[in-house]
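What follows is each chain in one-letter form.
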Amino acid sequence: MAKWKSYGIAYLFLAPSLIGLAVFVLYPILYSFYLSFMKWDGLTPMSFIGLSNYKDLWTDETFKISLTNNLYYTLVTVPITIVLSILLALLMNYKVRGIQTFRVLYFFPNITASLAIGIIWAAMFTQYGPLNTILRFFGYADPPAWLASTTMALPAIMLVSIWKGVGYNAVILFAGLQGVPRHLYEAAELDGANRFKQFIYVTLPGLSPVIFFCVVMGVIGSFQVFDTVMAMTQGGPGRSTNVLVFHIYNTAFQNYNFGYASAMSYILFVIILVITFIQLKMQKRWVTY
Amino acid sequence: MEMAAEKSAGITGYSIKRILRTFLVYVLLLAVVVLTVLPFVWMVSGSLKNQATIFQNTMNLIPSEPLWSNYSEVWNRVPFGQFYWNTIKVSVLSTAGSLIAASLAAYAFAKLSFPGRDKLFLLFLATMMIPGQAIMIPQFTILNGMNLVNTHWALILLNLFNPYGVFLLRQFLIQLPNDLNESARIDGCSEFGIFMRIVMPLAKPAIVTLGVFSLLWSWNDFLQPLIYLSQERLFTIQLGIRYFQQLNGANYPLIMAATTMSLIPIIVIYLFAQRYFIEGIAITGTKG
């Protein structure tokens, strides 16, 4: 009996989280799947339409554009952010005085709201804003129109994401660097390895679990980009910066097409799941624990 | 350690190469600082200019006649005080709710035994991978069914389940020794009494870390308030600055003033709690 009582107490401790988990995560996952087979405006009764929503996605130009834009965004921002973060972490690893202050400053953009960051940069990207003023100063007489240009608006958003992400990842990677055993460097030095070789054969393998973490989280985050787009371009000009979550938000909460938006949400969910799964499988090839 | 040794060796211990290297490192570190800080400096500087001067000599970062009135102008145009108050209310209640729920669950996972414990913990961990945006529609219909749309409670309830918090606290609690709990149990202390009087005081550093992250997350959240709140009197700061941006399209000085005001509380918290932020992040990275 005492045993059952102690189990009961344990579940009592878990109750608030379990209720939250059931009501706001598990049930929504199932309900979202159910909704994706429905036509529903959120007010009138829903009707079952089978796979229509999923079929419509194949011919939905805006969906295809938002998916392509999002993949382009992921493929550019994640690798560049990681490479720059590794370089910055290495720089921070020179044990010069005042490094803590630098770390605090670099990390700062990460704690500010993406929306606020987007609003600031939207002003900085204007024709006579600081960015183009600097470009003109360095001799680019005709700098890009950035947010007003269909080809440069998405790269502008990417630039902001990279700017925001580098400090955060560098702090994580810097912490990871402290975990690479010193004696490995000493051994490599004895074997006559120069700095570059030490980096390739000691630092990178030692850091690979942390790099892996940064890549996985970075990819997941890149499919959730929304606030920056909302602040800077609202998907435009045209549909040039329309990304997945932005399109889902519009479909559900602006056009009240909940069933169709649920189908898109499921695609988003599956994309993230598959990519994460592939990365977990691939990690054996390059991550050393 | 290394630095202390260098110091005692004195200037003569340095080779020219070494001094040059340190110099180069500082130059690069400072260059990154400029890149990081410039947008914020430009924001503050822009918030003190007028619509003509903000883009004339835009790199002149110190305005000759700072227009402090821009800040009061923002308060005249939108109820900024209300936005602050709403955000404080939502962030504090969300944080309190998620800290209570997460610490209780973390205690159960770390210190109690019950059937299915490890499987349930894995399920909690797995939910960390689920992007919130993928389930925002059913969450909305559920909260709409509870008549909580256009209330702050919707946002507070959504934050109740915090798997990241459960994970962080569980990792912290599991390394605390059990002897105190055991002797309290023998003395007839209830499980809840042990949790409140013994474990929680010990877990304070982890709870503070989680608390600052949670506050920050609520303060910065934009998508959820955007979905749930459509009345101006309910707006949080993020909705408020977006709303202000929409109303005042090209009035960049005022928009920069509003954005600066949205960032001030965050800057203050960061100044006092930066240690918790940076250590918290470093821990997730190396142990996650």
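Residues numbered from 1 in each chain as written. Chains lettered and ligands numbered in written order. Predicted model: local features only at pLDDT ≥ 70, side-chain atom pairs only at ≥ 80, totals over all residues. Heavy atoms only, no water.

S.K.: Please provide a residue-by-residue account of the UniProt feature "transmembrane region" (unreviewed entry) in chain A, values included.
M.R.: Residue and element names in this part refer to chain A. Within the UniProt annotation, "transmembrane region" (unreviewed entry) is assigned to residues 12–34, 71–92, 104–125, 145–163, 199–223 and 258–280. The span residues 12–34 carries 100% helix and 0% strand; its end-to-end C-alpha distance comes to 31 Å. Here residues 199–223 is 96% helix and 0% strand, with 31 Å between the C-alpha atoms at its ends. (UniProt positions renumbered as here; feature names shortened; annotations may be inferred. Helix = DSSP H or I, 4+ residues; strand = E, 2+ residues; numbered from the N terminus.)

S.K.: Give a detailed account of the side chain of D227 of chain A, specifying residues and quantitative values.
M.R.: The residue D227 of chain A is located in helix α10 (residues 227–232) in this model. No salt bridge is formed by the buried D227 of chain A; its nearest oppositely charged neighbour, K164 of chain A, is found at 7.8 Å. Residues contacting D227 of chain A, with those up to four places away along its chain left out, are S114 and L115 of chain A together with N220, F222 and L223 of chain B. (Buried < 20%, exposed > 50% of the residue type's maximum accessible area, 1.4 Å probe, protein only. Lys, Arg positive; Asp, Glu negative; His and termini not counted. Salt bridge = Lys/Arg side-chain N within 4 Å of Asp/Glu carboxyl O. Contact = heavy atoms within 4.5 Å.)

S.K.: I'd like to hear about the packing of aromatic side chains, residue by residue, with values.
M.R.: Counting across every chain of the model gives 46 aromatic pairs over all chains. Three or more aromatic residues joined by ring pairs make a cluster, and in this case those are W40, F226, F246, Y249, F253 and F258 of chain A together with F140, F222 and Y228 of chain B. The aromatic ring of F121 of chain B is capped on one face by R170 of chain B, whose charged end is 4.2 Å from the ring centroid. (Phe/Tyr/Trp six-rings, centres within 6.5 Å; stacked < 30°, edge-to-face > 60°. Lys NZ or Arg CZ within 6 Å of the ring centre and 35° of its normal.)

S.K.: Could you give an account of the UniProt feature "domain: ABC transmembrane type-1" (unreviewed entry) in chain B, with specific residues and numbers?
M.R.: The positions UniProt marks with the feature "domain: ABC transmembrane type-1" (unreviewed entry) are residues 84–273 of chain B. For residues 84–273 of chain B, the end-to-end C-alpha separation is 20 Å, with 75% helix and 0% strand making up the annotated structure.

S.K.: Now, about the UniProt feature "domain: ABC transmembrane type-1" (unreviewed entry) in chain A: what can you tell me, with residues and values included?
M.R.: Under the UniProt annotation, "domain: ABC transmembrane type-1" (unreviewed entry) lies at residues 67–279 of chain A. Helix makes up 75% of residues 67–279 of chain A and strand 0%. Its end C-alpha atoms lie 20 Å apart.

S.K.: Let's hear about the domain arrangement of chain B: which residues, and what values?
M.R.: Residue and element names in this part refer to chain B. Here the domain parsing of chain B yields domain 1 (2–67) and domain 2 (78–287). Contacts between the two partners involve 11 residues from domain 1 and, on the opposite side, nine residues from domain 2. In this assembly, domain 1 packs against domain 2 so that about 730 Å² is buried in total across both faces, 80% of it on carbon and sulfur atoms. Sorting the residues of domain 1 by area buried against domain 2 places M43, S47 and Q51 first, and these three jointly supply 60% of that buried surface. Between the two partners, domain 1 and domain 2, sit zero salt bridges. One can count one residue pair in polar contact (both at pLDDT 80 or more) joining domain 1 with domain 2. By residue class, the composition of the side of domain 1 that touches domain 2 is six nonpolar, four polar and one charged. (Domains from an automatic or database assignment. Buried area = accessible area lost by both parts, 1.4 Å probe. Polar contact = N/O pair within 3.5 Å; in protein donor to acceptor, adjacent residues only side chain to side chain. Nonpolar A, V, L, I, M, F, W, Y, C, P; charged D, E, K, R; others polar.)

S.K.: Tell me about the confidence of the model for chain B, and name the residues and values.
M.R.: Residues at a pLDDT of 70 or more form 92% of chain B, whose mean pLDDT is 87. Here residues 1–9 of chain B is a poorly scored stretch, pLDDT under 50, and it has eight contacts once near neighbours within four places are set aside; other chains count. (pLDDT = per-residue confidence, 0-100.)

S.K.: A description of the environment of L223 of chain B should follow, citing residues and the corresponding values.
M.R.: Its location among the elements puts L223 of chain B in helix α12 (residues 223–228). When the C-alpha atoms of L223 of chain B and S72 of chain B are compared, they prove to be 27 Å apart, with 151 residues separating the residues in sequence. Discounting residues that sit within four places of it in the chain, L223 of chain B has contacts with F226, D227, V245 and Y249 of chain A together with Q133 and M136 of chain B.

S.K.: Kindly report on the interface of chain A and chain B, identifying the contributing residues and their values.
M.R.: If you look at the interface, chain A gives 84 residues, while chain B gives 87 residues. A combined buried area of about 7700 Å² lies between chain A and chain B, and 82% of that area is made up of carbon and sulfur atoms. On the chain A side of the contact with chain B, F13, F24 and I111 of chain A bury the most area, a combined 11% of that side's loss. Across the chain A-chain B interface, the total number found is zero salt bridges. Between the two partners, chain A and chain B, sit 11 residue pairs in polar contact (both at pLDDT 80 or more). Among the elements that line the side of chain A that touches chain B, the one with the most residues is helix α1 (residues 2–35) of chain A, at 21 residues.

S.K.: For a nonpolar patch on the surface, give the residues involved together with the corresponding values.
M.R.: Together, I134, F137, F138 and Y140 of chain A together with M59 of chain B line one region of the surface with nonpolar side chains, adding up to about 580 Å² of accessible area. Mapped onto the fold, I134 of chain A is located in helix α6 (residues 130–137). (Patch = residues over 30% accessible without salt bridge, like charges linked within 9 Å, V, L, I, M, F, W, Y side chains within 5 Å. Areas by Shrake-Rupley, 256 points an atom, 1.4 Å probe, with all protein chains shown as cover.)

S.K.: Tell me about the side chain of T233 of chain A, and please be specific about residues and values.
M.R.: Residue and element names in this part refer to chain A. Relative to the assigned elements, T233 resides in the loop between α10 and α11 (244–254). Residue classification places T233 among the buried residues on the basis of a relative accessible area of 10%. Those residues in contact with T233 that sit more than four places away from it in its chain are L147, A153, I157 and T241.

S.K.: So what about the pattern of salt bridges? Which residues, and what values?
M.R.: Side chains that differ in charge, positive against negative, can pair when their charged atoms come close. Residue and element names in this part refer to chain B. Counted under the stated rule, the structure contains four salt bridges over all chains. The partner of E73 in a salt bridge is R77, with the nearest N and O atoms 2.8 Å apart. With E73 and R77 both in helix α3 (residues 69–77), this residue pair falls four residues apart, about one helical turn. When the shortest N-O distance is used, the salt bridge between D118 and R117 registers 3.5 Å. One continuous salt-bridge network, built from bridges that share partners, spans E182, R185 and E191.

S.K.: Explain the packing of helix α9 (residues 179–186) of chain B against helix α10 (residues 191–202) of chain B residue by residue, including any values.
M.R.: When two helices pack together, their arrangement is given by the angle between their axes and by how far apart the axes lie. All names here are of chain B. Look at α9 against α10: their axes get within 10 Å of each other, and the N-to-C directions meet at 135 degrees. With respect to their mutual orientation, α9 and α10 come out oblique. In this structure, the crossing between α9 and α10 has a hand that is right-handed. Contacts from L180, N181, A184 and R185 of α9 reach α10 at E191, I194, I198 and V199. For the contact of α9 with α10, the residue count by class is five nonpolar, one polar and two charged. (Axes fitted to C-alpha atoms, helices over the stretch in contact; angles between N-to-C directions. Parallel < 35°, antiparallel > 145°, perpendicular 65-115°, else oblique. Left-handed = near helix turned anticlockwise from the far one by under 90°.)

S.K.: Provide a residue-level description of helix α2 (residues 52–59) of chain A, including the pertinent values.
M.R.: Residue and element names in this part refer to chain A. Among the residues making up α2, those that are buried are N53, Y54 and L57. The buried residues of α2 occupy one face: seen down the axis, they fall within an arc of 100 degrees. Set apart from the buried face of α2 by more than 90 degrees, the exposed residues are K55, W58 and T59. (Arc of directions from axis to C-beta.)

S.K.: So what about the UniProt feature "transmembrane region" (unreviewed entry) in chain B? Which residues, and what values?
M.R.: Residues and elements named next belong to chain B. The positions that UniProt labels "transmembrane region" (unreviewed entry) are, in the present scheme, residues 23–42, 83–108, 120–141, 153–173, 194–219 and 252–273. In residues 23–42, the share of helix is 100% and the share of strand is 0%. The end C-alpha atoms are 27 Å apart. Helix makes up 64% of residues 120–141 and strand 0%, with an end-to-end C-alpha separation of 26 Å.

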